[in-house]
Amino acid sequence: MTQHRSESDGRFSKASAISGLWRHLSGWSLSRLWRVSSALGPQVYRFSKRERFITERNLGIVYPHFSAAERKILARHSLRHSTATMLELGHAWMAEPDNVEAGILAAYGRDKLDSARSQGRGVIVLAPHFGNWEVLNFWLSSHFPFTAMYEPPKITALDPIIRHGRERMGASLVPTNPRGVAALLKALKRSEAIGILPDQEPDWGSGVFAPFFGRDAYTATLLPKLVARTQARVVTGVALRVPGKGFEIHFLDADERVYSTDDVESATGVNACVESAIALDPAQYQWEYKRYRKVVQEQQQLPNFRDFRPY
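As a convention, each chain's residues are numbered from 1 in the sequence order in which they are written. Two thresholds apply to this predicted model, a pLDDT of at least 70 for residue-level local features and 80 or more for giving and counting side-chain atom pairs, whereas whole-chain, interface and lining totals are computed over all residues. To obtain the side-chain values, all non-hydrogen atoms of the structure were used and water was disregarded.

Draft legend 1. Inspection of the overall build of the chain at higher detail. Across its full length, the chain holds 13 helices and 9 strands. Only protein chains enter the accessibility calculation, which uses a 1.4 Å probe; a residue is then buried when its area is under 20% of its type maximum, exposed when over 50%, and partly exposed in between. Taken across its 311 residues, the chain has 48% of its residues classed as buried. Residue pairs in contact within the chain that sit at least 24 positions apart in sequence constitute 76% of those at least 6 positions apart. Note that accessible areas follow from Shrake-Rupley with a 1.4 Å probe, and for residues the cover is restricted to the protein chains shown. Summed over its atoms, the accessible surface of the chain is roughly 15100 Å², and 51% of this surface lies on carbon and sulfur atoms. We count a stretch as a helix when DSSP gives it H or I for four or more residues in a row; a strand needs E for two or more, and each element gets its number in order from the N terminus. Working rule for contacts: check all heavy atoms of both residues, and any pair within 4.5 Å makes them a contact.

Below is the structure:
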């Protein structure tokens, strides 16, 4: 009992420290946050061996034509942007809404959402881990009825803080289970917008292998099911960081393959959408995520499947 209480107190103290830091940073300007990120980024690259290894491994897979020196420079820039994203959470979740709105410099492609909704269709926004996706959530929920799936954090004491930050402009968060999927369907049938993370590796049985920069990546198959039942339109959405100044919201046309009823074809289109977003600025993608962790050989239950894993 004492040990359990001690662990619980420890998690609460950690959550208090993290939320306190977010609150403090929420009062900083975006230019100051970027300067601090530029100072901390090289330290993250130097001392965070896991993040550095995965980032450089992914870049080696995705950009084999780059020299080792070019990939190292890109890895450093990427971890600087990832550091900025973490420091900007307080800004996106806790800063005065007018301040967050003032940091959004432009919104390109909004007509793609307006057109779909004017036709009585819902809109599925594919929002990869690029730029600052929390700022994208802020903008979407400020301008449209918006629903997104939400998985509570490992530190449970942070859950109400994160949930409040994401819902404060009107977003509706639903669980990552069948009940959540049903809520997404209802939102689309009301001609509303929903958000899906297209680059998060799903559990076995909820995806298929499809090419991502030429290598098979296990990709979720939720999208074609939602499209088939609602005739929703699909766009890719990102909040591109303009370092030290703010963000530009970009909505890009989806690859037409996302509308296929074939799961592999649709997943290939989804990955192509993520590739198009990354092309805006490869350094702003979260390359430290193990996107290729699952491999075909594991699905085939080969005894040596670990030999095929890139990490």
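Moving on from the model shown.
Draft legend 2. Local environment of the sheet that holds strand S9 (residues 246-253). At least two DSSP bridges between two strands are needed for those strands to be called paired. Reading across the sheet, the 7 strands line up as S1-S9-S8-S2-S5-S3-S4 and stay open at both edges, with mixed pairing between neighbours. Strands with a single pairing partner mark the edges of an open sheet, and in this sheet they are strand S1 (104-108) and strand S4 (172-175). Taken over all neighbouring pairs, the strand axes of this sheet differ in orientation by 25° on average, direction set aside. Two elements, strand S2 (residues 123-126) and strand S8 (residues 233-242), share 4 bridges in a ladder whose sense is parallel. Each bridged residue has a counterpart across the sheet, and for Ile124 the counterpart in S8 is Val234. Relative to the sheet, helix H7 (residues 110-118) contacts S1, S2, S8 and S9, its axis offset from that of S9 by approximately 50°. Docked against the sheet, helix H12 (residues 263-278) engages S2, S8 and S9, running at close to 25° with respect to S8. In this description, a line fitted to the C-alpha atoms serves as the axis of each element, helices being fitted only across the stretch in contact, and the angle between N-to-C directions of two axes falls anywhere from 0 to 180 degrees.

Draft legend 3. Representation of the pattern of salt bridges. Whenever a carboxyl oxygen of Asp or Glu lies within 4 Å of a side-chain nitrogen of Lys or Arg, that contact is scored as a salt bridge. All chains considered together, the criterion is met by 11 salt bridges. Across the pair Arg163 and Glu167 runs a salt bridge, and its minimum N-O distance is 3.8 Å. Pair noted here: Arg163 and Glu167 are both in helix H9 (residues 159-167), with a separation of 4 residues, about one helical turn. Here Asp255 and Arg257 are joined by a salt bridge, their closest N and O atoms 2.9 Å apart.

Draft legend 4. Broad picture of empty space enclosed by the protein. The definitions used throughout rest on a 1 Å grid laid over the protein atoms alone, on which a cavity is an enclosed set of points accommodating a 1.4 Å probe that cannot get out and a pocket is an open set flanked by protein within 12 Å on both sides along at least five of seven lines; lining residues are those having an atom within 4 Å of a point. Grid points are joined across faces, edges and corners, and a volume is the space filled by probe spheres set on the points. Counting across every chain of the model gives 1 cavity of 30 Å³ or more. Considered as a void within the structure, the largest cavity measures approximately 40 Å³ in volume. Taken together, Ala92, Trp93, Glu134, Asn137, Phe138, Ser141, Gly165, Arg166, Arg168 and Met169 make up the lining of the largest cavity. For the lining of the largest cavity, the secondary-structure elements that each account for two or more residues are helix H5 (89-94), helix H8 (133-143) and H9. Broken down by element, the residue count for the lining of the largest cavity peaks at 4 residues, all from H8. Tallied by class, the residues present in the lining of the largest cavity amount to 4 nonpolar, 3 polar and 3 charged. In this classification, the charged set is Asp, Glu, Lys and Arg, the nonpolar set is Ala, Val, Leu, Ile, Met, Phe, Trp, Tyr, Cys and Pro, and all remaining amino acids, among them Gly, are polar.

Draft legend 5. Main features of the packing of helix H2 (residues 30-47) against helix H3 (residues 49-62). At a closest axis distance of 5 Å, the pairing of H2 and H3 adopts a crossing angle of 85°. When the interaxial angle is binned, H2 and H3 end up roughly perpendicular. For the pair formed by H2 and H3, the contact residues are Tyr45, Arg46 and Phe47 on the first element and Lys49, Arg52 and Glu56 on the second. Small angles under 35 degrees read as roughly parallel and large ones over 145 as roughly antiparallel, with 65 to 115 read as roughly perpendicular and the rest as oblique.

Draft legend 6. Broad picture of the nonpolar core. Ranked by internal contacts, the top residues of the largest apolar core, which has 39 residues, are Leu113, Leu140 and Phe251. Per element, the largest residue contribution to this core is 5 residues, and it comes from H8. Residue contacts for Leu140: discarding those within four places in its chain leaves Leu113, Val125, Phe146 and Phe251. In these notes, a set of buried Ala, Val, Leu, Ile, Met, Phe, Trp, Tyr and Cys residues joined through side-chain atoms within 4.5 Å is what counts as a nonpolar core. Residues Tyr63, Ala75, Ala283 and Tyr292 belong to the second largest nonpolar core, which totals 21 residues.

Structural measurements only, silent on function.
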